[in-house]
Amino acid sequence: MGTGQRNQEAHVPDTTTGTAGTTSRAASAPRTLAEALRVRTDDSLAALLRTRPDLLSPVPGDLTQLATRAATRASVVRALERLDTFALQTAQALAVAPDPAPYDTVRSLLAGDDGDQAVEDALPGAVAALREQALVWGGDDRLRLVRTARELLAPSPTHPSATGLGPTVAEAISGMSPGRVQEILRAAGLPATHDPVSAVAALTSLFTDRTRMAALLDTAPSDALTVLDRLVWGPPYGEVSADPPPPVRWLRDHGLLLPASPRTLVLPREVALHLRAGRAHRAPEPVAPAVAPLREYRPQAVDAAAAGQAFTALTTVEDLLAEWNEGGPAVLRAGGLSVRDLKRTATALDVSEPIAAFWLELAYAAGLLASDGEADERFAPTPEYDDWLELPPAERWGRLAVAWLAATRTPGLVGEQDSKGRTLAALGPDLDRSPAPEVRRRVLALLATLPDATSPDPQSLIDRLRWEHPARSGPDDLRSRLAQWTLSEAELLGVTGRGALTTHGRALLTPASGALELDAVGHLAAQALAPHLPEPVDHILLQADLTAVAPGPLRRPLAAMLGVLADIESKGGATVYRFTPGSVRRALDAGQTAADLQAFLTEHSRTPVPQPLSYLIDDVARRHGHLRVGVASAYVRCDDESMLGEILADKRSQPLRLRRLAPTVLATTAEPATLLDGLRSMGYAPAAESAEGDVVITRADSRRTPRRAAPVPVPDGPPLPDETLLDAAVRAIRAGDTAATVVRKEPEAARTDGSLPRTSPAETLATVQAAAMTGSAVWIGYVNAEGAASQRVIAPVRVEGGFVTAYDHTADEVRTYPLHRITGVAELADDPA
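Let us look at the nonpolar core. With 91 residues, the main nonpolar core has L49, L66, F207, L256 and L257 as its most contacted residues. Contact partners of F207, with chain neighbours within four places excluded, come to V169, M213, L216, H254, G255, L256, E270, V271 and H274. Within the second largest apolar cluster, 66 residues are counted, among which are L314, L320, L389 and I462.

The subject of this paragraph is the pairing of strand β19 (residues 665–668). Pairing geometry for strand β17 (residues 634–637) and β19, over four bridges, is antiparallel. Bridging across to β19, R637 finds its partner in V665. Across three bridges, strand β18 (residues 659–662) lies against β19 in antiparallel orientation. Bridge pairing in β19 places R660 opposite L666.

The geometry of helix α17 (residues 299–323) relative to helix α24 (residues 478–493) is characterised by a closest axis approach of 6 Å and an angle of 85° between their N-to-C directions. As judged from the angle between their axes, α17 and α24 are roughly perpendicular. Counted together, Q309, A310 and A313 of α17 and E491, L492 and L493 of α24 form the full contact between these two elements. Of the residues assigned to the contact of α17 with α24, the class counts are four nonpolar, one polar and one charged.

Our focus in this paragraph is the pattern of salt bridges. Within this structure, the stated rule accounts for 39 salt bridges. Note that E416 and R481 form a salt bridge whose closest N and O atoms lie 2.2 Å from each other. On the criterion of sequence distance, the pair formed by E416 in the loop between α21 (393–406) and α22 (436–448) and R481 in helix α24 is long-range, its members being 65 residues apart. Relative accessible area serves as the criterion here: at 29%, E416 is assigned to the partly exposed category. With a relative accessible area of 21%, R481 lands in the partly exposed category.

So, on to the environment of R249. Summarising the element assignment, R249 is placed in helix α15 (residues 246–253). Judged by relative accessible area, which is 30%, R249 ranks as partly exposed. Separated by 25 residues in sequence, R249 and A224 place their C-alpha atoms 8.8 Å apart. For R249, the contacting residues outside a window of four places in its chain are D243 and P244.

Take α21 next. With 14 residues, α21 ought to run about 20 Å at 1.5 Å a step, and its terminal C-alpha atoms sit 20 Å apart, in line with that. Taking burial as the measure, the 14 residues of α21 include 10 buried ones, the bulk of the element. If you check which residues of α21 are buried, you get A394, R396, W397, G398, L400, A401, V402, A403, W404 and L405.

The subject of this paragraph is helix α29 (residues 594–604). The set of residues buried in α29 consists of A594, L597, Q598, F600, L601 and H604. In an axial view of α29, the angular spread of the buried residues amounts to 160°, which keeps them on one side of the axis. Facing away from the buried side of α29, by more than 90 degrees, are the exposed residues A595, T602 and E603. For α29, the secondary structure elements touched by its buried residues are β12 (541–543), α27 (556–565), α28 (581–589) and α30 (611–623).

Bringing the sheet that holds strand β4 (residues 258–261) into the picture now. With respect to topology, three strands assemble into an open sheet ordered β3-β5-β4, the strand pairing being antiparallel. Of all the strands in the sheet, just β3 (237–239) and β4 have a single pairing partner and so form its edges. Taking the axes of each pair of neighbouring strands and ignoring which way they run, one obtains an average angle of 40° across the sheet. In terms of strand pairing, β4 meets strand β5 (residues 264–266) through three bridges, oriented antiparallel. What sits directly across from S261, in β5, is T264.

Taken across its six residues, strand β21 (residues 778–783) has five buried, putting it largely inside the fold. In this sheet, strand β22 (residues 789–800) lies alongside β21 in antiparallel orientation, the contact comprising six bridges. Among the inter-strand pairings, V783 is bridged to a residue of β22, identified as A789. Linking two consecutive strands that pair antiparallel, namely β21 and β22, is a turn of five residues; a positive phi of about 90° is found at G787 within it. Pairing analysis gives five bridges linking β21 to strand β25 (residues 822–827), with the strands arranged antiparallel. Along β25, the bridge assignment pairs I780 with V825.

With respect to topology, five strands assemble into an open sheet ordered β24-β23-β22-β21-β25, the strand pairing being antiparallel. Unpaired on one side and paired on the other, β24 (813–818) and β25 mark the two borders of the sheet. The average undirected angle you get between the axes of adjacent strands in this sheet is 45°. Across the sheet, helix α34 (residues 761–774) touches β21, β22 and β25, and the angle it forms with β22 is around 65°.

This next bit is on the packing of helix α14 (residues 222–231) against α15. Contact geometry of α14 with α15 gives a least axis separation of 8 Å together with a crossing angle of 75°. As far as their axial angle goes, α15 and α14 are roughly perpendicular. Residue-level inspection shows D223, A224, V227 and L228 of α14 in contact with α15, the latter providing P247, V248, W250 and L251.

What follows concerns the side chain of D303. Mapping D303 onto the fold places it in helix α17. In contact with D303, other than residues within four places in its own chain, are T502, T503 and H532.

Here we come to unusual backbone geometry. Going from S57 to P58, the amide bond is cis rather than trans, its omega being -10°. In this fold, P58 is placed in the loop between α3 (42–51) and α4 (63–70). The omega torsion across G234 and P235 is -5°, close enough to zero to call that bond cis. Its identity is not glycine, yet L427 carries a phi of approximately 65°, on the positive side.

Under the criterion given, the structure shown has four aromatic pairs. With a centroid separation of 6.2 Å and 25° between ring planes, the pair formed by W324 and F379 is classed as stacked. Placement of W324 in the loop between α17 and α18 (339–349) and of F379 in strand β8 (residues 379–381) is noted, with a sequence separation of 55 residues between them. Look at W324 and you get buried, because its relative accessible area is 6%. By relative accessible area, F379 is classed as buried at 3%. Judged by centre distance (4.9 Å) and plane angle (55°), the ring pair of F358 and W359 falls under tilted. W359 carries the same exposure label as F358, and that label is buried. Note that R396 overlies the ring of W388, its terminal NZ or CZ placed 5.5 Å from the centroid.

Another aspect to go through is the confidence of the model for the protein chain. Mean pLDDT for the protein chain: 86, with 91% of residues reaching 70 or above. Counting interchain partners and residues more than four positions distant, the pLDDT-below-50 stretch residues 747–753 has four contacts.

Our focus in this paragraph is the side chain of S480. Here S480 shows up in helix α24. Note on S480: relative accessible area 6%, which makes it buried. Only 2.9 Å separates the side chain of S480 from the side chain of R466, close enough to count as a polar contact.

Definitions and limits used
Residues numbered from 1 in each chain as written. Predicted model: local features only at pLDDT ≥ 70, side-chain atom pairs only at ≥ 80, totals over all residues. Heavy atoms only, no water. Core = buried A, V, L, I, M, F, W, Y, C linked by side-chain atoms within 4.5 Å. Buried < 20%, exposed > 50% of the residue type's maximum accessible area, 1.4 Å probe, protein only. Contact = heavy atoms within 4.5 Å. Pairing = 2+ DSSP bridges. Helix = DSSP H or I, 4+ residues; strand = E, 2+ residues; numbered from the N terminus. Axes fitted to C-alpha atoms, helices over the stretch in contact; angles between N-to-C directions. Parallel < 35°, antiparallel > 145°, perpendicular 65-115°, else oblique. Nonpolar A, V, L, I, M, F, W, Y, C, P; charged D, E, K, R; others polar. Salt bridge = Lys/Arg side-chain N within 4 Å of Asp/Glu carboxyl O. Expected span 1.5 Å × (residues − 1). Arc of directions from axis to C-beta. Phe/Tyr/Trp six-rings, centres within 6.5 Å; stacked < 30°, edge-to-face > 60°. Lys NZ or Arg CZ within 6 Å of the ring centre and 35° of its normal. pLDDT = per-residue confidence, 0-100. Polar contact = N/O pair within 3.5 Å; in protein donor to acceptor, adjacent residues only side chain to side chain.

See below:
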């Protein structure tokens with residue numbers, strides 16, 4: 001539909017008349033959508049702008065502009081997508097009803113001839129919802145669907161309706177020869193008419209008369225009724241040959257099937273409604289399906305299970321970023337993580353690849369992980385990760401939870417292909433799905449409707465989501481998939497326990513908008529989780545087989561130091577660490593001495609330090625730093641000449657291409673890091689050396705990206721306006737409407753062609769001075785400094801120095817205008833002030 005047609009809906013009065021309705025009389029009924037909006041209260045206008053925020057960009061100048069914008073195709077499509085199933089079915093029924101349609105007609109289309117109490121109870125709410133969103137206007141005696149919505153929902157050959165209905169008799173017969181129409185009348189037992197209009201009216205009257213229609217169908221062959229049964233619930237079109245079989249011929253001759261094309265017949269809407277007992281839909285759904293409970297647990301058991309999983313989530317994120325502390329995998333040219341690196345990450349975390357993708361995306365959404373932006377771009381932890389590690393465990397979990405809740409990135413899509421056949425990579429582009437945050441919140445809200453500690457039947461929850469937004473499911477049913485991913489992700493993160501929503505999960509449903517409010521929500525959830533988290537312990541149990549057992553979660557400094565000194569061998573209720581020469585060397589590389597390590601273990605172990613562990617530490621420390629590696633590209637120096645000769649003679653050193661520069665120095669073209677790794681693989685324990693000759697102390701947190709903000713979620717349409725913006729917008733629209741609809745006293749000023757009033761400077765000055773003295777409002781034409789002309793309604797307060805200070809009803813504020821920029825002035829028939 002073009003802009004002209006939409007403007008016509010907003011401006012042109014409806015000249016048809018109707019009988020008095022249940023809520024308004026024809027004499028006072030709105031004739032346009034703009035008039036219907038004009039009689040609304042400010043709260044009702046604010047509710048419209050709240051449910052359809054796209055109407056606010058930019059703020060309409062008056063109610064006519066608002067009505068025109070509300071009838072545009074893009075805005076109507078967006079509004080229809082947000083209707084629940086029954087409201088959408090009501091709109092679809094209005095699209096196949098006469099325009100305008102009485103309330104009783106709509107009720108009959110939804111409830112059928114036999115009635116349906118559930119439909120009748122739900123219908124007033126559905127009509128009210130359509131009215132609130134400006135998709136329907138008019139009184140109950142003259143309900144009108146916005147023209148654009150009717151075009152989108154009405155049946156057509158190219159866009160079938162969800163009702164399965166076809167065109168009306170009038171639409172199907174248009175273009176048919178008058179002689180053929182008269183033949184149909186005779187076959188149906190109706191008298192001939194003098195014009196096509198009365199012929200259509202006669203056929204329509206027959207097909208909508210239940211008694212006469214039943215009598216006609218009683219004369220039909222049984223095979224003809226079988227054909228009708230196939231078409232009655234849609235699609236209403238059927239292909240026929242040039243010589244159709246007798247049952248189809250009988251239906252065609254009696255007008256029960258009408259030609260849509262030379263090879264296609266269609267079942268008229270009136271005939272289908274008779275066969276359906278008046279129903280527009282086979283299965284109206286006036287009541288939302290309930291979320292069925294699956295199993296009930298003790299609340300303490302649910303919170304405890306979720307707290308354990310929340311702690312596992314924290315350790316998993318820490319382990320992931322610890323793996324990438326010194327620089328993670330390279331970023332693909334197209335962005336994201338390669339399939340091979342995703343597999344390596346999954347193996348390191350001991351999880352499946354989809355779950356590894358979830359943890360990667362969660363860390364990325366929380367701003368803990370990003371690409372470093374270097375020429376050889378790699379993923380690495382961000383400085384925010386170090387700040388996050390210093391927080392208490394519950395607060396760290398709260399940061400992750402709110403990041404997950406607000407993220408539009410969808411890790412469930414990793415591994416699938418986009419529209420161009422490219423595989424979607426973890427941490428890569430094209431993973432944003434704007435409905436994801438809304439679906440996550442809605443899933444948690446539905447879980448909150450169940451009794452405490454009760455898990456849902458997943459299929460019933462998905463059915464409920466489909467009922468709430470049927471038009472947004474799409475061909476691949478993205479919302480259902482998002483709901484399934486939400487249930488599994490919430491369990492992984494510890495928002496739910498055993499499938500049931502937890503106490504801290506309910507805290508995440510606290511209303512919030514903006515980053516600061518989300519932080520507050522995360523804090524509330526963290527406070528609810530904190531009592532259920534295990535208390536960190538400050539000790540370990542050393543064992544004679546070079547292992548240490550952590551009987552619970554370790555305090556942060558102890559865990560950090562032990563993670564450098566030993567390798568994690570297994571996780572579970574108790575974490576097992578193993579000491580190896582490589583892990584001890586790692587601690588020495590970090591600046592520790594053998595005495596420091598012995599003292600650390602003695603202080604934190606509840607068991608004596610085993611002799612084999614003491615020997616291991618002393619042995620590695622004795623050899624550590626005996627060799628020095630620097631830059632030549634790289635060099636090795638050692639006071640023991642025989643050791644350097646041994647290295648040169650070793651075949652394993654050939655890839656390093658070492659050569660002796662001096663009795664105590666070897667050089668190579670390899671990088672220092674490569675030389676270090678090569679010598680260590682040969683069984684040596686070299687230490688890195690700086691340009692000054694000092695030992696280089698390597699830290700686990702040496703590789704960090706520049707400070708980067710977390711990825712911004714992709715909005716699902718315009719942002720929701722706050723109450724301050726809504727109040728200002730309503731006042732501005734009201735003020736603009738007052739200026740646009742005010743009645744001018746002078747005939748020339750009352751013209752509707754949009755021209756500005758024209759008066760001489762003397763007349764302008766005299767009129768505004770008189771208005772300032774009497775406190776009345778006037779209509780002015782004004783041209784600003786940029787040359788833009790406008791019409792305004794002002795109430796002058798003071799006139800002096802070539803300026804008039806007045807209250808501007810259009811802008812709803814006091815302004816000052818140069819008199820020389822006022823093109824003219826006219827008095828008003830009524831003072832709007």
